[in-house]
Amino acid sequence: MFWVLLLLLAWAAAGTACTRLCLAAVRAATLETDAVSAGRDHTLTLYEAAFLSGGPRRVADLTLVSMARQRRLLLAHTGWATVVDPRGRDEMERSVIGAIGPEGQSPIAPVRTAAAHADPVRALADRLVGAGLAVPEDGRPSVASALRQVQAAAVAVTVLGATALLLPVPADMPRPLMAMWFALPLILTLSSLVIARFEARPYSRWASPAGQRLLGALARHTGSGDDRAFLTSVAVRGVHAIGEPDLRAAFAHREQHLERYLDHNG
């Protein structure tokens, strides 16, 4: 009766995985309901839009581009940033100026990295998570990993069933009946995957569904041809949205400078 043990293992794998998926989906739905209530009247700032679209590094990029547009920071096509006005207008700008250092000049790559990990960006992330607009760091993989576990369980049930069918069985146990017993946990896992495919809400790496809706509304209601529209495009789409050749060249050099910086300081 070794096949019974394999059947129990199949049910254990399927039941555990499907239960975890259900719990993760319920938790995500609860967060989504709270986020809809909290974010219904929320108007995104550009920093918030940048974080929800691309995370901490996008916030640093937006700050650099915003200061450059206002001629308070020079971003050279060689990939260097130079401070023109050392008075930051908010915490994000002050963190960028602090990252550039007392000499007032630095490669863009280390400045971007330091600003992305500064306290103002962490505080921004905490506020967005608290409002239900950003996905908590420990909650990002929950639904996705639960789905992967269900997929693995479906494979495991199939393997266990095939193994049981290949083993010698008592004469009074028809193999079709045995296959039917293993088909039940397989149906459970496959049906859970199908339901999750249509019911699970899509999460990006940073924004919850409520945050994604606000991002969509921000993009739809943004005008064109002014600084606000330009910076909104950078916040939502990243530095690749920059149409100015000098700025694009400045950011194109950042990874090269980052590698040199790490080699020099590593």
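Residues numbered from 1 in each chain as written. Predicted model: local features only at pLDDT ≥ 70, side-chain atom pairs only at ≥ 80, totals over all residues. Heavy atoms only, no water.

## Digging into the environment of Phe182
- Counting through the fold element by element, Phe182 comes out in helix α8 (residues 175–199).
- Given a relative accessible area of 5%, Phe182 falls into the buried group.
- Sequence-wise, Phe182 and Leu7 are 175 residues apart; in three dimensions their C-alpha atoms are separated by 6.4 Å. (Helix = DSSP H or I, 4+ residues; strand = E, 2+ residues; numbered from the N terminus. Buried < 20%, exposed > 50% of the residue type's maximum accessible area, 1.4 Å probe, protein only.)

## Overview of the packing of helix α2 (residues 46–54) against helix α6 (residues 119–130)
- For the pair α2 and α6, the least separation of the axes is 10 Å and the interaxial angle reads 80°. In terms of orientation, α2 lies roughly perpendicular with respect to α6. Packed against α2, whose contacting residues are Tyr47, Glu48, Phe51 and Leu52, the element α6 presents Leu124, Ala125 and Leu128 at the interface.
- Classifying every residue of the contact of α2 with α6 by side-chain character gives six nonpolar, no polar and one charged. (Axes fitted to C-alpha atoms, helices over the stretch in contact; angles between N-to-C directions. Parallel < 35°, antiparallel > 145°, perpendicular 65-115°, else oblique. Contact = heavy atoms within 4.5 Å. Nonpolar A, V, L, I, M, F, W, Y, C, P; charged D, E, K, R; others polar.)

## Observations regarding unusual backbone geometry
- Of note, the phi angle at Arg71 is positive, near 60°, even though the residue is not glycine.
- Along the polypeptide, Arg71 turns up in the loop between α3 (56–69) and β1 (73–75).
- When its relative accessible area of 66% is taken as the criterion, Arg71 is described as exposed.

## Focus: the nonpolar core
- One finds Phe51, Leu52 and Leu75 to be the most contacted residues of the largest nonpolar core, which totals 48 residues.
- Core analysis: the next-biggest nonpolar cluster, separate from the first, contains 11 residues, Val157, Met173, Met178 and Phe182 among them. (Core = buried A, V, L, I, M, F, W, Y, C linked by side-chain atoms within 4.5 Å.)

## A look at the sheet that holds strand β3 (residues 105–107)
- The antiparallel open sheet is built from three strands, whose spatial order is β1-β2-β3. Each end of this open sheet is capped by a strand with a single partner; those strands are β1 and β3. Recorded for the sheet is a direction-independent mean angle of 20° between the axes of neighbouring strands.
- As defined by bridge partners, strand β2 (residues 80–83) adjoins β3 across three bridges and the pair is classed as antiparallel. In the strand pairing of β3, Thr82 is matched with Gln105. (Pairing = 2+ DSSP bridges.)

## Some details on α2
- Summarising burial for α2: seven of the nine residues are buried, a large majority.
- The positive-phi residue at the C-terminal boundary of α2 is Gly55, with phi of around 80°.

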